[in-house]
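Chain and residue survey
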Amino acid sequence: MSDRFPVPDRVRHGASGPIPDLATHRELSARAIANPSGFWLDEAKVRLAWHTEPTLGLKGSFHDIQEGPISWFGDGVLNVTESCLDRHLDSRGEKVAILWEGDEPNEIRRITYRELHAEVCRTANALQELGVKRGERVILYMGMVPEAAIAMLACARLGAIHSVVFGGFSAEALRDRIRDCGAQVVITQDEGRRGGRSVPLKAVTDAALEGERGVEKVLVFRRTGGEIDWTEGRDVWWHEAVGEASATHQAVPVGAEDPLFILYTSGSTGRPKGVVHTCAGYLVWTSFTHEAVFDLREGDVYACVADVGWITGHSYIVYGPLCNGATTLMFESTPLYPDAGRYWDMVERHRINILYTAPTAIRALAAAGDAFVEKYDRSSLRVLGTVGEPINPDAWKWYARTVGEGRCAVVDTWWQTETGGHMITPVAPAIAAKPGSATLPLPGVMPVLLDERDRVIHGPGEGRLCLEMPWPGMARTVWGDHARYVSTYFGLFPGRYFTGDGCRRDDDGYYWITGRVDDVINVSGHRMGTAEFEAALNSVEEVAEAAVVGFPHPIKGQGVYAYVVLQPGFSGSVELEAAMNKTCRAQIGAHAKVDLFQVVPGLPKTRSGKVMRRILRKVAEGEPEKLGDVSTLADPSVVQAIVEGARTL
Ligand code: WTA
């Protein structure tokens with residue numbers, strides 16, 4: 001029996017969102033399954049501002065996905081920024097839209113909906129001057145400044161497609177993304193600030209663009225005033241271009257299914273994929289889930305401390321909250337700067353009602369000791385969210401009890417870049433929680449578990465998690481490669497979307513995500529492909545061959561374990577490990593670091609030459625006794641060497 005945490009009184013009372021209680025949850029779930037088109041059309045009409053209201057709901061199915069993308073609200077015409085900005089001007093013009101907390105606790109900016117609207121219009125005009133048109137791609141390589149959100153919205157205002165690249169990615173990774181989507185304009189800033197340090201965003205952009213011809217203009221926001229190189233004719237200062245532009249701009253009407261953005265994410269093979277989200281369905285999904293799951297109330301201060309470089313920042317800092325007319329906090333710093341009390345200090349100063357963070361931060365803060373939490377007044381908190389990886393019950397309980405003092409709902413939201421928004425999650429006022437469980441699917445979400453023989457599991461059980469039915473927020477395709485989209489998500493189980501996650505369903509029908517079952521590793525909530533690490537390591541001169549797997553890490557969730565076979569004549573050393581990590585950093589980014597290296601005489605391979613990752617995972621997980629059958633290996637003796645030389649933290 002696992003613990004059950006009922007909905008706290010202060011969350012139950014006064015709930016005003018679309019799912020205020022369990023009965024409504026059940027009723028909406030039944031309606032959304034029975035008539036998805038009708039259900040989501042109704043939501044789309046009330047949630048979004050339209051130029052032409054849609055009459056069509058869902059078109060297409062998972063069974064004919066290879067024919068072309070799914071479509072929702074296909075005959076609707078809109079511009080998402082009118083739902084996020086213009087529509088609020090009469091009722092909420094003077095309400096704070098973006099509350100920015102800079103790297104230093106005393107750096108605060110408050111931008112009202114009226115001001116945000118004006119800034120987005122100015123920026124749209126400036127981008128138009130730089131030649132950005134509907135359907136073109138713009139890369140954003142920025143830190144957590146309001147201008148990042150403004151730039152996203154300005155692109156959307158023009159019907160252009162933004163692709164935000166997380167500010168930790170390296171020049172090479174940035175260049176790959178610029179090329180893949182064919183961007184002509186890059187928006188960056190002189191430097192970012194994080195944890196008291198500067199991040200050289202413009203310098204990395206310059207390196208990424210060296211020798212590239214496609215990018216014509218680089219718009220540079222001045223954040224720190226630090227010294228940067230300048231390319232005449234290409235580089236343009238934000239304050240000059242945007243500052244001089246007009247604050248009125250007619251939003252460009254686009255189709256509901258026009259792409260809104262591309263976001264690159266790691267998969268189990270090859271280079272990162274450009275996941276494409278479209279305008280209307282994505283906004284309906286993020287707005288509905290943001291309001292329902294967090295039980296958003298009009299006066300709330302809502303704080304999601306993710307980075308706009310990841311999907312959580314797109315959906316739950318920018319699009320969902322702004323569509324809902326919320327006050328959304330943007331946080332430039334880290335949970336540990338200047339010390340482990342930073343979040344709770346912010347909660348007290350801004351009277352935050354809803355806080356959304358990641359298990360890795362929760363574990364790190366719990367380890368820092370309760371004194372950092374108790375020092376501050378957290379009485380404003382009502383809902384605590386978590387996302388990005390499975391949360392262990394101890395961390396969950398610490399969050400609920402120590403941070404939330406038992407008064408707050410904890411929502412463990414399971415979703416993915418590809419799903420656009422929450423899928424399996426407690427709805428704060430409606431669903432009793434169990435620590436470590438993402439609980440129940442949202443209305444319109446149909447999870448299914450498949451066993452090792454690909455059969456559907458009914459009732460309690462554990463298997464691979466798939467989704468049965470299209471939902472409005474789902475990614476439509478992979479940029480420029482629909483076949484890759486089809487094979488990645490629908491190849492293994494035709495007719496079903498495969499999530500890549502393992503999952504258990506208990507007697508109450510609650511879902512427990514067990515983690516990725518493919519070759520994606522999730523380090524501190526950062527999703528990375530083992531293939532990306534392997535490509536980087538293989539490019540190191542001394543390395544003959546490498547295989548990378550994840551292993552359980554007490555704070556980061558997963559750590560990175562690399563098995564390397566060296567070229568003849570070389571042996572492992574601290575210097576070589578440092579060199580290998582330097583290469584990972586250069587090719588992937590600052591967040592890509594191998595935690596444990598093991599030099600091995602060979603990799604365990606089948607006779608056909610396929611690396612048996614199962615064996616490598618078990619050894620890295622510290623469970624060599626569970627290796628199973630190794631008789632099919634070409635050379636079983638390498639296994640013994642691998643087991644004997646296993647490394648631990
Ligand atoms: C994992 C982040 C357990 C999962 C929004 C998924 C989770 C991957 C949870 C997607 C959760 C996310 N419980 N695991 N609440 N939330 N995950 O695309 O493995 O960066 O497939 O999207 O994170 O990561 P992504």
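Use the structure listed above.
First, a word on scope: everything that follows refers to the structure included in this document. Because the structure is predicted, anything quoted here is derived from the model rather than measured. (Residues numbered from 1 in each chain as written. Predicted model: local features only at pLDDT ≥ 70, side-chain atom pairs only at ≥ 80, totals over all residues. Heavy atoms only, no water.)

Along its length, the protein carries 21 helices and 30 strands. A globule of 649 residues ought to have a C-alpha radius of gyration of about 26 Å, and the protein, at 24 Å, matches this closely. Principal axes of the C-alpha set define a box for the protein whose edges measure 75 × 65 × 60 Å. The buried share of the protein, taken over its 649 residues, is 62%. Here the analysis covers contacts within the protein between residues at least 6 apart in sequence; of these, 72% occur between residues at least 24 apart. Of the accessible surface of the protein, which amounts to about 23,800 Å², a share of 50% is contributed by carbon and sulfur atoms. (Helix = DSSP H or I, 4+ residues; strand = E, 2+ residues; numbered from the N terminus. Rg over C-alpha atoms; globule rule 2.2 N^0.38 Å. Buried < 20%, exposed > 50% of the residue type's maximum accessible area, 1.4 Å probe, protein only. Contact = heavy atoms within 4.5 Å. Areas by Shrake-Rupley, 256 points an atom, 1.4 Å probe, with all protein chains shown as cover.)

Another aspect to go through is helix H14 (residues 359–368). Listed in full, the buried residues belonging to H14 are Pro-359, Thr-360, Ala-361, Ile-362, Arg-363 and Leu-365. Structurally, H14 contributes buried residues whose contacts are with helix H13 (342–350), strand S18 (354–357), strand S19 (383–386), helix H16 (393–403) and strand S29 (557–566). A positive backbone phi angle near 105° is found at Gly-369, which sits one or two residues after H14.

Direction vectors running N to C along helix H2 (residues 22–34) and helix H3 (residues 36–47) enclose 115°, while the axes themselves pass 5 Å from each other. Residue-level contacts link Leu-28, Arg-31, Ala-32, Ile-33 and Ala-34 of H2 to Pro-36, Phe-39 and Trp-40 of H3. Of the residues assigned to the contact of H2 with H3, the class counts are seven nonpolar, no polar and one charged. (Axes fitted to C-alpha atoms, helices over the stretch in contact; angles between N-to-C directions. Nonpolar A, V, L, I, M, F, W, Y, C, P; charged D, E, K, R; others polar.)

The geometry of an aromatic ring pair comes down to the distance between the two centres and the angle between the two planes. According to the stated counting rule, one finds 29 aromatic pairs in the structure shown. Ring centres 6.2 Å apart and planes at 70° place the aromatic pair Phe-331 and Tyr-343 in the edge-to-face group. Remark: Tyr-343 occurs in helix H13 and Phe-331 occurs in strand S17 (residues 327–331); sequence separation between them is 12 residues. Measuring from centroid to centroid gives 5.6 Å for Tyr-343 and Trp-344, while their planes differ by 90°, and the two rings are edge-to-face. Each residue in the set Phe-62, Trp-471, Tyr-485, Tyr-489, Phe-490 and Tyr-497 is aromatic and connected to the rest through ring pairs, giving one cluster. In this arrangement the basic side chain of Arg-109 is found over the ring face of Trp-100, its NZ or CZ atom lying 5.8 Å from the centre. Above the plane of the ring of Tyr-510 lies Lys-434, whose end atom (NZ or CZ) is 4.6 Å from the centre. (Phe/Tyr/Trp six-rings, centres within 6.5 Å; stacked < 30°, edge-to-face > 60°. Lys NZ or Arg CZ within 6 Å of the ring centre and 35° of its normal.)

Scope: geometric values only; no functional claims are made or implied.
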